[in-house]
Amino acid sequence: MTRRDATKEEEQGSSAIVFEGVSKRYPDGTVAVEHLDLTLPAGELTVLVGPSGCGKTTTLRMINRLENPSEGRLMIGEQDVMRIDATRLRRRIGYVMQHSGLFPHHTIADNIATVPRLLGWNKKRRRERVDELIELVGLEPSLASRYPHQLSGGQQQRVGLARALAADPPILLMDEPFAAVDPIVRHRLQQEFLDLQRRVQKTIVMVTHDIDEAMKLGDRVAIFEPGGAVAQFDTPSRLLAAPASDFVIDFIGADRELRRLALKRLDSLTLDSGLTAPFDEVVSRARSYLQQAGSGGIVVLDSDHAPLGWLGWEQLKRAGDATRLDALDLQPWRHRLYLHDNLRTALNALISAPGEVVPVVNDEGHYVGVIDRLQLTRQLV
Ligand SMILES: Nc1ncnc2c1ncn2[C@@H]1O[C@H](COP(=O)(O)OP(=O)(O)OP(=O)(O)O)[C@@H](O)[C@H]1O
């Protein structure tokens, strides 16, 4: 393999991050991370959360080799990070810090273009990328020529994010990215960040000590406990429904959250209309609906407009173009959700649901929309 091929493979390769028995001991004997076994799936947002000093930041910084493990192995895709040149590794991993970490004497545009410049992109390409990113993170184009101290905290965080995304890295590390801004700005940045992640689908690892933020943003959440071990690593819904220990219950306040969910009914939410297809639709049409909507699956409805089952993208990909949907092996839901059901019932239904999506019906059993994990966890904060 030539060096060029190797670089290409690094850039395009699968970006799951795997910790295999990783520990970190600092020279003064502090054990920051204790025998970590963790697989952070490619394309997902994993949040590391826990009390202060339990090893979250150290864990994050081992991924881009700002710290090296004392024991164990850390893999990105098929590669051991210790075998990748640290500088090259960092160029394909975006890093967002708590206090944006911008260069004070560089303009916003120059800050954003830092990695593209190091990679030798020409001026025109850099300028186009800066314009694109400024729009992507929701900044005013006129800010490009300003300096960091002329921006608000929230704006600086947006620039930090744009800079981290500049060379389109497959992995993004974020260390308390929303901690230094006031609660209203934080809420808005979180919402926008969720939308952005849906579009860019990076493998993201984020550190926070705010459990509400973790539950709202994470596809998966690793709850660290003092001593640098992970108490539980799971989806937010499963953490709530099946906390693994008293420490987890205390930390997420599961009882409180579950009680709150039980008090709210589905008809108090604006349900997502979801992606549906009639039972007699053909596979090729359903595939194009999915592609247009960028969805992972579709709810198939019967002739009474009642949910019949779920079809995932993988199933549709394998099926013949002209096959009718009701001839396929539709995945049923174990629970039927009515508009008058509460959100705790919805949470239980979601855990076993195909595609982590459950249809909701009215009293007549007719489809009215879907509830998914994201909508539900939004209710928790
Ligand atoms: N360079 C270092 N030398 C010695 N000990 C360190 C060093 N960096 C961190 N530690 C210690 O390692 C432990 C884990 O620190 P780390 O910063 O990873 O925790 P954290 O969970 O991110 O904490 P916080 O939420 O307060 O940022 C702490 O006890 C910390 O004091």
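Please read all numbers here as calculations on a predicted model, not as lab measurements.

A word on the domain arrangement of the protein chain
Accessible area lost upon the coming together of the parts is a frequently used measure of interface size.
Next, step 1: For the protein chain, the assigned domains are domain 1 (3–261) and domain 2 (266–378).
Next, step 2: Using only C-alpha atoms to locate each centre, domain 1 and domain 2 end up separated by 32 Å.
Next, step 3: Between domain 1 and domain 2, the residue contacts involve 16 residues of the former and 10 residues of the latter.
Next, step 4: Carbon and sulfur atoms supply 61% of the area that domain 1 and domain 2 bury against each other, a total of about 1,200 Å² over both sides.
Next, step 5: Its largest share of buried area at the contact with domain 2, domain 1 owes to Ser 237, Leu 258 and Leu 261, together 44% of the area lost on that side.
Next, step 6: Run the count over domain 1 and domain 2 and you get 1 salt bridge.
Next, step 7: A salt bridge links Asp 219 to Arg 373; the nearest nitrogen and oxygen atoms lie 3.1 Å apart.
Next, step 8: For the pair domain 1 and domain 2, the interface holds 3 residue pairs in polar contact (both at pLDDT 80 or more).
Next, step 9: Put simply, the parts of the chain that give the side of domain 1 that touches domain 2 at least two residues each are α8 (183–200), α9 (211–217), α10 (236–241) and α12 (254–262).
Next, step 10: With 5 residues, α10 is the largest single contributor of residues to the side of domain 1 that touches domain 2.
Next, step 11: A class-by-class count of the residues in the side of domain 1 that touches domain 2 yields 7 nonpolar, 4 polar and 5 charged.

Remarks on the UniProt feature "domain: ABC transporter" (unreviewed entry) in the protein chain
Next, step 1: Taking the UniProt record as the reference, the feature "domain: ABC transporter" (unreviewed entry) is found at residues 17–252.
Next, step 2: Counted over residues 17–252, helix gives 38% and strand 25%. Its end C-alpha atoms are 25 Å apart.

Observations concerning the site of the ligand
Next, step 1: The environment of the ligand is made up of Tyr 26, Asp 28, Thr 30, Ala 32, Pro 51, Ser 52, Gly 53, Cys 54, Gly 55, Lys 56, Thr 57 and Thr 58.
Next, step 2: Here an oxygen atom of the ligand sits 2.5 Å away from a polar atom, N or O, in the side chain of Ser 52.
Next, step 3: At 2.8 Å, a backbone N or O of Gly 53 approaches an oxygen atom of the ligand.
Next, step 4: Summarising the interface, the protein chains cover 62% of the accessible area of the ligand, which totals 640 Å² for the free molecule.
Next, step 5: Per-element tally for the shell around the ligand: the top contributor is helix α2 (residues 56–63), with 3 residues.
Next, step 6: Per-class residue counts for the shell around the ligand are 4 nonpolar, 6 polar and 2 charged.

Rules and cut-offs
- Residues numbered from 1 in each chain as written.
- Predicted model: local features only at pLDDT ≥ 70, side-chain atom pairs only at ≥ 80, totals over all residues.
- Heavy atoms only, no water.
- Domains from an automatic or database assignment.
- Contact = heavy atoms within 4.5 Å.
- Buried area = accessible area lost by both parts, 1.4 Å probe.
- Salt bridge = Lys/Arg side-chain N within 4 Å of Asp/Glu carboxyl O.
- Polar contact = N/O pair within 3.5 Å; in protein donor to acceptor, adjacent residues only side chain to side chain.
- Helix = DSSP H or I, 4+ residues; strand = E, 2+ residues; numbered from the N terminus.
- Nonpolar A, V, L, I, M, F, W, Y, C, P; charged D, E, K, R; others polar.
- UniProt positions renumbered as here; feature names shortened; annotations may be inferred.
- Near = heavy atom within 4 Å.
- Areas by Shrake-Rupley, 256 points an atom, 1.4 Å probe, with all protein chains shown as cover.

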